[in-house]
Amino acid sequence: MSEIILKHITKEYENGFLAVKDVNLEIKDNEFVILVGPSGCGKSTTLRMIAGLEDISEGDLLIDGERMNDVAPQHRDIAMVFQNYALYPHMSVYQNIAYSLKIKKVPKSEIDKRVREVAQSLGLEGLLDRRPGQLSGGQKQRVAMGRAIIRHPKAFLMDEPLSNLDAKLRGQMRVEIADLYQRLNTTFIYVTHDQTEAMTLGTKIVVMKDGEIQQIDSPANLFNYPANRFVAGFIGTPTMNFFDASCEETGGQVVLQTDTGTIRMNDKKAAALKEGGWIGKKVAAGIRPEHVISAKDGASKVFEGEVGVFELLGSNAIVYLQTASGRMVMNTTDLREYTHGERVALGVMEDKVHIFDPETERTVTN
Amino acid sequence: MNTRYSDKNPLILRILGTAGKALILGVACVFTAFPFLWMVLSSLKTKADILNTDVFFPPDPQWQNITSILFDSPIPKYIFNSMWVSLAIVALQIVSGAMLAYALVFLKFRTNRILFAIVMATYMLPVAATYIPSYIILADWGLLDSFGGLIISSTVSIFGIFLLRQAFMQIPKGLVEAARMDGASHWRALWEIVCPMTKSSFITFGLMNFIGTYNNYMWPSLITKTSDYFLVSQGLRAFFVRDGAYGTEWALVMAASAVVVIPLLVLFAFTQRWFINGIGGETGMKG
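Residues numbered from 1 in each chain as written. Chains lettered and ligands numbered in written order. Predicted model: local features only at pLDDT ≥ 70, side-chain atom pairs only at ≥ 80, totals over all residues. Heavy atoms only, no water.

A.B. asks: Quick question: what am I supposed to make of the overall build of chain B here?
C.D. replies: Along its length, chain B carries 15 helices and zero strands. Over its C-alpha trace chain B gives a radius of gyration of 24 Å, far above what one expects of a compact globule, namely 19 Å for 287 residues. Along the first, second and third principal axes, the C-alpha set of chain B runs to 70 × 70 × 35 Å. Per-residue burial over chain B gives 40% buried out of 287 residues. Counted over contacts in chain B with a minimum sequence separation of 6, partners at least 24 positions apart contribute 72%. Surface accessibility of chain B: about 16000 Å² in total, with carbon and sulfur atoms responsible for 70%. Each charge class in chain B can be summarised by its mean position, and for the 20 positive and 14 negative side chains these summaries are 16 Å apart. (Helix = DSSP H or I, 4+ residues; strand = E, 2+ residues; numbered from the N terminus. Rg over C-alpha atoms; globule rule 2.2 N^0.38 Å. Buried < 20%, exposed > 50% of the residue type's maximum accessible area, 1.4 Å probe, protein only. Contact = heavy atoms within 4.5 Å. Areas by Shrake-Rupley, 256 points an atom, 1.4 Å probe, with all protein chains shown as cover. Lys, Arg positive; Asp, Glu negative; His and termini not counted. Charge placed at Lys NZ, Arg CZ, Asp CG, Glu CD.)

A.B. asks: Looking at this structure, I do not really get helix H1 (residues 43–51) of chain A. What am I missing?
C.D. replies: An α-helical turn contains 3.6 residues, so any two residues separated by three or four positions project in the same direction. All names here are of chain A. When you tally the buried positions in H1, you get eight out of nine residues, the bulk of the element. Where H1 is concerned, the buried positions are Lys 43, Thr 45, Thr 46, Leu 47, Arg 48, Met 49, Ile 50 and Ala 51. Looking one or two places after H1, you find Gly 52, whose phi comes out positive at around 95°.

A.B. asks: Mind showing me how you'd approach a negative patch on the surface here?
C.D. replies: All names here are of chain A. On the surface, a cluster of negative charge is contributed by Glu 12, Asp 22, Glu 58, Asp 210 and Glu 212. On the secondary structure map, Glu 212 appears in strand E10 (residues 212–217). Note on Glu 212: relative accessible area 38%, which makes it partly exposed. (Patch = residues over 30% accessible without salt bridge, like charges linked within 9 Å, V, L, I, M, F, W, Y side chains within 5 Å. Salt bridge = Lys/Arg side-chain N within 4 Å of Asp/Glu carboxyl O.)

A.B. asks: Looking at this structure, how should I read the sheet that holds strand E7 (residues 155–159) of chain A?
C.D. replies: Sheet strands pair by backbone hydrogen bonding; their relative direction is either parallel or antiparallel. All names here are of chain A. An order of E6-E7-E8-E3-E9-E10 is seen for the six strands of this open sheet, with the pairing classed as mixed. Of all the strands in the sheet, just strand E6 (78–81) and E10 have a single pairing partner and so form its edges. Within the sheet, the average angular offset between the axes of one strand and its neighbour, ignoring direction, is 15°. When strand E9 (residues 204–209) meets E10, the two strands line up antiparallel, connected through five bridges. Within the sheet, the bridge partner assigned to Val 206 lies in E10 and is Ile 216. Its contacts with the sheet place helix H4 (residues 137–149) against E6 and E7, and it is angled at close to 175° to E6. (Pairing = 2+ DSSP bridges. Axes fitted to C-alpha atoms, helices over the stretch in contact; angles between N-to-C directions.)

A.B. asks: For this particular structure, what's the right way to read the domain arrangement of chain B?
C.D. replies: Note: interface size is frequently given as the accessible area lost on complex formation between the parts. All names here are of chain B. According to the domain assignment, chain B consists of domain 1 (2–65) and domain 2 (70–279). The C-alpha-based centres of domain 1 and domain 2 are spaced at 32 Å. With 11 residues of domain 1 at the contact, the number on the domain 2 side is 11 residues. Connecting domain 1 to domain 2 are zero salt bridges. (Domains from an automatic or database assignment.)

A.B. asks: Even after reading the chapter, I still don't get the domain arrangement of chain A, so can you show me in this structure?
C.D. replies: Residues and elements named next belong to chain A. The domain architecture assigned to chain A consists of domain 1 (4–234) and domain 2 (241–365). For the pairing of domain 1 and domain 2, the buried interface totals around 890 Å² over both sides, and the portion due to carbon and sulfur atoms is 55%. At the boundary of domain 1 with domain 2, the tally comes to zero salt bridges. For the pair domain 1 and domain 2, the number of links is five residue pairs in polar contact (both at pLDDT 80 or more). Contributions of two or more residues to the side of domain 1 that touches domain 2 are made by helix H7 (219–224) and helix H8 (229–234). Among the residues making up the side of domain 1 that touches domain 2, the classes are represented as five nonpolar, three polar and one charged. (Buried area = accessible area lost by both parts, 1.4 Å probe. Polar contact = N/O pair within 3.5 Å; in protein donor to acceptor, adjacent residues only side chain to side chain. Nonpolar A, V, L, I, M, F, W, Y, C, P; charged D, E, K, R; others polar.)

Structure (C-alpha cells):
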C-alpha cells in the first residue's frame, strides 16, 4: 500500500526561479503515473522532490498519510532509476544490485538469493561479475532497474530512464518496463519528455508546462479530450493542426468558417459554442493529422493545400501541405504518391474538431 | 603519430633530440640524487674520510655507524614518534578534509561558496602568523609539550580539502543521489561511493601530508621541549648538537639522516603508482 499526495507543492530556487508552481497531485497505489512535458517544465524537479533529493519550498508531500517534506531520501523507502543510470563504477553488477540490501544489513544468503532472482528476471545472470564500464547501454539500464527492484520499495521513480538509449533499444526497454509494472504491482512515477512513452506506459498522465500542471488524465482522455491547446499540441504525433476560424450560425446550423470552407458542428459542439457565447466570434480550432482527409472521400472541402513534403512510412503516410490557413499535416492510409507542388482539396472528420479559446487557449469543446 | 613524426624529421635530428632530452633529465637527476647519494655513502665512512674530498666511496664501510644509530641512539624512538604522530594526523586530516570537501561539493546550503572562500583564504595566511595564536590556544588547553598538542594542532589540512574538493567535483552528483536513494547516509556515500572513486587523490593527500608532518621541524620544535616528544627533524638536530657543538660526529649524523629517510622511501615505493595518478588528476578508476 502506498499513496503519494502532493499538496500545493512549490519549488523556488535561490535565484527566485519558480520551477514548480502549486502542484496538486494524488497518486494511488499501483498507479503508473507519467510526468510529461517539454524540457524545463518542472517534471524532473517534481520527481526529485518526491525522492527527497530536492527541498520543497512550499506545500506538503504525503506518503501513506505521513508528511515527508523533511525526511531524508534514504528514509523514504522509494527507489529511483536515473537518466544516466548512476551505477557505481567501482562495484560489480552484483555489488551494485546488492548495495541497498547491504546497507539494510540483510543477511548475506538472503542478499545472494534476491540478487540472483532479480538478475534472472532481467537477463543479467552472466554479467554479475562485470563492472559497469564493461556493459552496453541496455545492460546498464537493466542493472539500474535491478538495483531499484531488489528493494521492494513503496514506489519506483524513473527520471527519463530510456533517453540515453537508441531508438530500437528504447522501444524494447519500454515493453520491459510495462512488463515489470504488471509483475511488480507497485506505484511507478515516471518522467519523460517523450509522449510515446507517456501514452504507452502510463495509467495516468500529468502534462506539465512552465512548472504548472496542465492536465491529469488517462492516455485516451488526454488524446481525445485535451484540456487546452498546449496539451492538444503536445500529445500526439505528428502534432495537431491548428487554424483560425470564425464561429457562425446559419439556418440553425452552427459552423466553423475557414478561409476556404466550412465545418459543420454536431449538436454537442454546437451547444457548447452557443453556451459559451462564441457565435459570431473568432475561435482557435484544431484537428489531428489522422482526422484530416482528402476531400475526394466524400468530405466537403475545408482547406486547399499544396503538397510540400511527402513521407511514406509503410502502413501510413504523412503529407505536409501549405494552405491558406497555414501549414497542415495529414496522416493518411491512402498510400498513393503525392508529388511536390500538387494541389489537394482537404476535408476533416467534423466530429473530431477541437475548439479553443484564442485568448486563454482553454478548450471550449472537444 | 610515430610515422608522421619520422616523416618530417630525419633520423639524425631525432637522435639528437632524444639525446638532448636525456642529457637535461640526466643532469637534473644528478643534482637531485647526488646529495642523497653523498649522505648514504658518508654514513658508511669514518669522520676523516667524510672530510677528505679525495675519497668518494667508503674505502672500508663502517657498518657500525648504522648499527649504533639503530641500537644505541634515540633516533629509532624519534622515528617511532614521527611515524605514529604523522599517521594520527593524516588520518584526522583525511576524515576532516573528506567531510568538508563532501559538504562543499554535494550538499546544497546557502553559505557553501562563502565557506569555501573562507577556507581558501586561510591558505594564504603565512604559516608563521598562526604560530603565536596556536601556541596560546595549546597553552590554554595545557597541551604544550605533548603528543596531543602535536596532533590536535594539525587536524585540518587546507591543501587536502582543496585537493579532495577538486577530485569530488569530477564525480557525477547522480552517483551520490543514487546512493542516497539506495538508503545510504551521507557518511556512507562519502566512504563507500565517493572515496573509492577518488582513491588516488586520497593517497596523494595522505602521502604528501605524511611526509610533511614526518619531516616537520619548526612547529614541533616550538611546542615540545622534552625529548620524549621529539619528532625526527627535531630529534636529528638534538642529535647534531648533543655534545654542545655542531658536526662533532659527522658519520653518525649522516647515518642517522639515512636511517630516518628509510620509512618514507618504503612508503613511497608502495604508493608511487597512485601518487602519480593523483597528481595527474585522475580519479583512480583505471587503477
